[in-house]
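# A structural walkthrough
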Amino acid sequence: MEATGTDEVDKLKTKFISAWNNMKYSWVLKTKTYFSRNSPVLLLGKCYHFKYEDENKLLPARSGCTIEDHIIAGNVEEFRKDFTSRIWLTYREEFPQIEGSTLTTDCGWGCTLRTGQMLLAQGLILHFLGRAWTWPDALNIENSDFESWTSNTVKKFTASFEASLSEERELKTPTISLKETIGRYSDDHEMRNEIYHRKIISWFGDSPLALFGLHQLIEYGKKSGKKAGDWYGPAVVAHILRKAVEEARHPDLQGITIYVAQDCTVYSSDVIDKQCASMASDHADDKAVIILVPVRLGGERTNTDYLDFVKGILSLEYCVGIIGGKPKQSYYFAGFQDDSLIYMDPHYCQSFVDVSIKDFPLETFHCPSPKKMSFRKMDPSCTIGFYCRNVQDFKRASEEITKNLVLICCITRSSVSQQRIRVSMKTPLSG
């Protein structure tokens, strides 16, 4: 009887924390991000120039980003569509209970797992849809202004707490259905892209059966001594993602693998061996590979000498982003402008979405608001990701990656606390 009472207290505590986090992490999108029209913007290998066009035009408020001097510029819409098309994975609440715990939310502890999911999702987007793909509905997502966020946040907190006490959940009706979306497509190629778009998102659903969902990643993390509620570092998440892809039995995923560098060491022969590993008889081609490189860009703080290195990496078409952030706060870095990194923030608590239903809503998996952060604030621990479609692609990427990485070979001359990274994609690398 006493144990039952304790369980009820734990459940109530979990629900209250979930409701509180729902308010706390609903403020994350309230501010706008300013972009200069005088400097190019790089986003995962694509360059955008916000040049002067018409001083009478204003950047739409719903975009969540504003050009300095309030002047809309060339390629702004293209940039917005590209950024919003990236898959955004955030804190969620009220999802099925994580095995071995009473947790039904990852608010406050799951941010690095979420940024790892975003990096993997971008790799899968490249694999199935290509870098040129954008979501047709990307520009239709509304981004509320400051007043809307503050009022809605309070209402959401109140409703969430009341629902927690009564164990009720409000189910949202999707505003963009699969039937409506596919009906707008003019050919089979576009319809195929939408099917894969939804399929990729479904693999990251917050349920025990989702291949790359939070529940599965936590299960794989147990071998690293981690459990639900723990904080995960970028290097640990890299190995969790590798295991998740290795264990995935979905037929569409048999043509892709993950390689994780050890101590900043990448062995080309090992990468190629993974790409050429035995495949199903109906797959004669070599595998695509996502290469994850956990690194430390300095001692206690990130050394600013690494800025050009990070910029160079994010400028490569092979880059799928960086799992990084500020101390104890993980972000998914996808681009930069000047000395600021552009990122997607997982610290926004959203309601559970059942991705097993045919018409599950897509809007909450796409971020309308790019955010920027000074490179100086970046935590030195991060994991860099690259995608190569085949062995030939890997060899081409190796040359470009090496050119960028070799720039920091001699940085250690200025500080003994920095980590030295020597790179050669053809021979063993030493960290």
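By the naming in an unreviewed UniProt entry, the chain goes by Cysteine protease and is assigned to Equus asinus. On record in UniProt, under Function (unreviewed entry), the comment for the chain is "Cysteine protease that plays a key role in autophagy by mediating both proteolytic activation and delipidation of ATG8 family proteins." What UniProt records for the chain under Catalytic activity (unreviewed entry) is the sentence "[protein]-C-terminal L-amino acid-glycyl-phosphatidylethanolamide + H2O = [protein]-C-terminal L-amino acid-glycine + a 1,2-diacyl-sn-glycero-3-phosphoethanolamine".

Those residues of helix α9 (residues 268–275) that sit buried are S268, V271 and Q275. The arc that holds every buried residue of α9, seen down its axis, measures 65 degrees, which confines them to one face.

Here the focus is the pattern of salt bridges. Under the counting rule described, the total for this entry stands at 16 salt bridges. As a salt-bridge pair, D339 and K311 come within 3.3 Å of each other at their nearest N and O atoms. Here K311 lies in helix α10 (residues 307–314) and D339 lies in the loop between β11 (329–337) and β12 (340–344), a separation of 28 residues in the sequence. By relative accessible area, D339 is classed as partly exposed at 45%. Among the charged side chains, a salt-bridge network with shared partners connects D82, R86 and R131.

Here the focus is the pairing of β11. Sheet faces and side chains relate simply in a regular strand, where the side chains alternate between the two faces. Of all 9 residues in β11, 8 are buried; the element is thus mostly enclosed. Taken together, the 2 bridges between strand β2 (residues 41–43) and β11 define a ladder with antiparallel strand orientation. Residue L43 lies in a different strand from β11, and its bridge partner there is G335. Relative to β11, strand β10 (residues 319–326) runs antiparallel, the two being bridged by 5 bridges. Counted as the bridge partner of G324 is Y331 from β11. Counting the residues in the hairpin turn of β10 and β11 gives 2 residues, including K328, whose phi is positive at 65 degrees. Where β11 and β12 come together, 5 bridges link them in antiparallel fashion. When the sheet's bridge partners are listed, F336 is paired in β12 with L341.

It is worth spelling out helix α6 (residues 188–202) at this point. Between the first and last C-alpha of α6 there are 21 Å, a value that for 15 residues agrees with the 21 Å anticipated at 1.5 Å per step. Along α6, the residues that are buried comprise N193, E194, Y196, H197, R198, I200 and I201.

Counting 71 residues, the largest nonpolar core has F79, W109, L113, L120, L124, F204 and F212 as its most contacted members. The leading source of residues in this core is helix α3 (residues 111–128), at 9 residues. With sequence-adjacent residues up to four places away left out, W109 is seen in contact with Y91, I98, L103, L214, I218, A228, G229, D230, W231 and Y232. With 36 residues, the next largest nonpolar core counts V289, L297, C382 and F386 among its residues.

Let us now look at the packing of aromatic side chains. In the structure shown here, the tally under the stated rule is 15 aromatic pairs. Ring centres of Y331 and Y343 lie 4.1 Å apart, and the angle between their planes is 20 degrees; on these two criteria the pair is classed as stacked. With Y331 in strand β11 and Y343 in strand β12, the pair connects residues that are 12 residues apart, well separated along the chain. One aromatic cluster is present, formed by F35, Y48, F50, F79 and F83 through successive ring pairs. The ring of F365 carries R92 above its face, with NZ or CZ at 4.6 Å from the centroid. K199 extends its terminal NZ or CZ atom over the ring of Y196, reaching a point 4.8 Å from the ring centre.

Let us look at unusual backbone geometry. Apart from glycine, the bulk of residues carry a negative phi angle, and the bulk of peptide bonds sit in the trans form. Despite not being glycine, L44 shows a phi value in the positive range, around 45 degrees. Counting through the fold element by element, L44 comes out in the loop between β2 and β3 (46–48). Exposure remark for L44: the relative accessible area of 0% places this residue in the buried category. One non-glycine residue, E94, lies in positive phi territory at about 65 degrees. Here E94 lies in the loop between β7 (92–93) and α3.

Here is what the cut-offs are and how they apply
Residues numbered from 1 in each chain as written. Predicted model: local features only at pLDDT ≥ 70, side-chain atom pairs only at ≥ 80, totals over all residues. Heavy atoms only, no water. UniProt positions renumbered as here; feature names shortened; annotations may be inferred. Buried < 20%, exposed > 50% of the residue type's maximum accessible area, 1.4 Å probe, protein only. Helix = DSSP H or I, 4+ residues; strand = E, 2+ residues; numbered from the N terminus. Arc of directions from axis to C-beta. Salt bridge = Lys/Arg side-chain N within 4 Å of Asp/Glu carboxyl O. Pairing = 2+ DSSP bridges. Expected span 1.5 Å × (residues − 1). Core = buried A, V, L, I, M, F, W, Y, C linked by side-chain atoms within 4.5 Å. Contact = heavy atoms within 4.5 Å. Phe/Tyr/Trp six-rings, centres within 6.5 Å; stacked < 30°, edge-to-face > 60°. Lys NZ or Arg CZ within 6 Å of the ring centre and 35° of its normal.

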